[in-house]
Amino acid sequence: MRAGDDGGAIDAGRRSVEVQRGINSNPANERAGAKSPFTNVESGLKVQSQWSRHDFRADLRGSFLSYDEIESLNRPGAVANTALRIDVTRDTRVTLENRYTMSTDSPGSPDLQAGLAKLTIFNTYGTSLGLSQSFNHLEISGKASADRTVYQKSLLTNGTRTSNNDRNLDQYGALARVSYEIRTGVKPFVEVSAYARQHDLAVDRNGKRFSNSDPVTGQAAWYDVKVRIRKAEPGEPEHTLPQFEPMQTMPGMKAPVPRWRAWFAGRMNGKAKGGGQ
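A few points on the structure. (Residues numbered from 1 in each chain as written. Predicted model: local features only at pLDDT ≥ 70, side-chain atom pairs only at ≥ 80, totals over all residues. Heavy atoms only, no water.)

**A word on the overall build of the protein**
Okay, so step 1: Helices and strands together make up the secondary structure of the protein, namely one helix and 15 strands.
Okay, so step 2: Summarising the internal contacts of the protein: among those between residues at least 6 apart in sequence, 51% fall at separations of at least 24.
Okay, so step 3: Split by element, the accessible area of the protein, about 19900 Å² in all, is 55% carbon and sulfur. (Helix = DSSP H or I, 4+ residues; strand = E, 2+ residues; numbered from the N terminus. Contact = heavy atoms within 4.5 Å. Areas by Shrake-Rupley, 256 points an atom, 1.4 Å probe, with all protein chains shown as cover.)

**Concerning the pattern of salt bridges**
Okay, so step 1: Scanning the entire structure with this criterion turns up 14 salt bridges.
Okay, so step 2: In this structure, the salt-bridge partner of Asp 200 is Arg 148, at a minimum N-O distance of 2.8 Å. Residue Asp 200 is located in the loop between β12 (189-199) and β13 (216-221), and its partner Arg 148 is located in strand β8 (residues 138-151); the two are separated by 52 residues in the primary sequence.
Okay, so step 3: Taking the relative accessible area as the measure of exposure, Asp 200 reaches 36% and is therefore partly exposed.
Okay, so step 4: Overlapping salt bridges bring together Arg 93, Glu 139 and Lys 187 as one network. (Salt bridge = Lys/Arg side-chain N within 4 Å of Asp/Glu carboxyl O. Buried < 20%, exposed > 50% of the residue type's maximum accessible area, 1.4 Å probe, protein only.)

**Some thoughts on the side chain of Asp 87**
Okay, so step 1: As for its placement among the helices and strands, Asp 87 is situated in strand β5 (residues 75-87).
Okay, so step 2: For Asp 87, a relative accessible area of 12% puts it in the buried group.
Okay, so step 3: When neighbours within four sequence positions are excluded, Asp 87 is seen to be in contact with Arg 53, His 54, Thr 92 and Arg 93.

**Focus: the nonpolar core**
Okay, so step 1: Counting seven residues, the largest nonpolar core consists of Ala 28, Phe 38, Leu 65, Tyr 67, Ile 70, Leu 73 and Leu 119.
Okay, so step 2: With residues near it in sequence (within four places) discarded, Tyr 67 still touches Asn 24, Pro 27, Ser 36, Pro 37, Phe 38, Leu 73 and Asn 74. (Core = buried A, V, L, I, M, F, W, Y, C linked by side-chain atoms within 4.5 Å.)

**What to know about the pairing of strand β6 (residues 92-104)**
Okay, so step 1: As defined by bridge partners, β5 adjoins β6 across ten bridges and the pair is classed as antiparallel. By the bridge assignment for β6, Asp 87 is matched with Arg 93.
Okay, so step 2: Where β5 hands over to β6, the hairpin turn is made up of four residues, counted between the paired strands.
Okay, so step 3: Relative to strand β7 (residues 121-135), β6 runs antiparallel, the two sharing 13 bridges. Considered in β7, the bridge of Leu 96 is made with Leu 129. (Pairing = 2+ DSSP bridges.)

**Remarks on the side chain of Thr 120**
Okay, so step 1: Mapped onto the secondary structure, Thr 120 falls in the loop between β6 and β7.
Okay, so step 2: Polar contacts involving the side chain of Thr 120 include one to the side chain of Ser 154, which spans 2.8 Å.
Okay, so step 3: Those residues in contact with Thr 120 that lie beyond four places of it in its chain are Ser 103, Thr 104, Asp 105, Tyr 151, Gln 152, Lys 153, Ser 154 and Asn 164. (Polar contact = N/O pair within 3.5 Å; in protein donor to acceptor, adjacent residues only side chain to side chain.)

**Digging into a nonpolar patch on the surface**
Okay, so step 1: Residues Val 17, Val 19 and Val 41 make up a contiguous nonpolar surface patch of roughly 280 Å² in combined accessible area.
Okay, so step 2: Summarising the element assignment, Val 41 is placed in strand β3 (residues 36-51).
Okay, so step 3: Given a relative accessible area of 36%, Val 41 falls into the partly exposed group. (Patch = residues over 30% accessible without salt bridge, like charges linked within 9 Å, V, L, I, M, F, W, Y side chains within 5 Å.)

**What to know about the environment of Val 88**
Okay, so step 1: Positionally, Val 88 belongs in the loop between β5 and β6.
Okay, so step 2: The residues contacting Val 88, other than those within four sequence positions of it, are Arg 53 and Val 94.

**Quick notes on the environment of Asp 87**
Okay, so step 1: Taking the C-alpha atoms as reference points, Asp 87 and Arg 53, separated by 34 residues in sequence, lie 6.6 Å from one another.
Okay, so step 2: Reaching out from Asp 87, the side chain makes a polar contact with the side chain of Arg 85 at a distance of 2.8 Å.

**Some points on the packing of aromatic side chains**
Okay, so step 1: For the structure on display, the rule yields two aromatic pairs.
Okay, so step 2: Note on Phe 38 and Tyr 67: the rings are 6.1 Å apart at their centroids and 55° apart in plane angle, and the pair reads as tilted. Of this pair, Phe 38 sits in strand β3 while Tyr 67 sits in strand β4 (residues 55-67), and the two are 29 residues apart along the sequence. You'll find Phe 38 and Tyr 67 in the same group, each marked buried. (Phe/Tyr/Trp six-rings, centres within 6.5 Å; stacked < 30°, edge-to-face > 60°.)

If you want it as structure tokens, here you go:
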């Protein structure tokens, strides 16, 4: 399905519905747990813009897992992600991402309360705003994010409901990245990120104090590879591109004997793989 004219079309044709039927030998993840037949229904929709400039994508998925014998483990699930890229200029891009998740704790999780009549649902929603600026081969980008997780009240087997406000939390993040394109497919970068987590309550229901830690991480790499796969045209070389010369042994290192790599490549000490030694 397409909407809009040729310059502003949106492709919304990737729809799917899947139904799975089977038996789980231990859905509760308990010692000597009982087995149960189950039915899992999943549906999804993917949206992709066909604009000459800018870009919009959406991925929407929903599911429901039900057990014939253990109804307390039935649980819904939903994921919705959208991403909008605005090309302000040729070298300046703004990105806006929104996300939503509905799920439950996994059966057998230590976070589950005792005496639950059914699994407790939680919702997580968040957004990210990013900016990227290119200066010829140099690219500088940054992103800020905010997410909120909220748990519903738990329903117990005695019919009462208990609050989960101690599990509600906010999480904030920031990321900065600098990269430089040496040549096509080779793009060294340095990246630094920081995250802060803040619970609504200082202690949980058991009196344990939360650690609202603020971790800072960083990473660097020699390349940032983008891969494009297409069918070779008639007359083109019958091998992948690009091809690189084998790396030489660094000073002070012993030359390895790549017997297993040679075997997978089809040779062993210069002989065919089936030739033996």
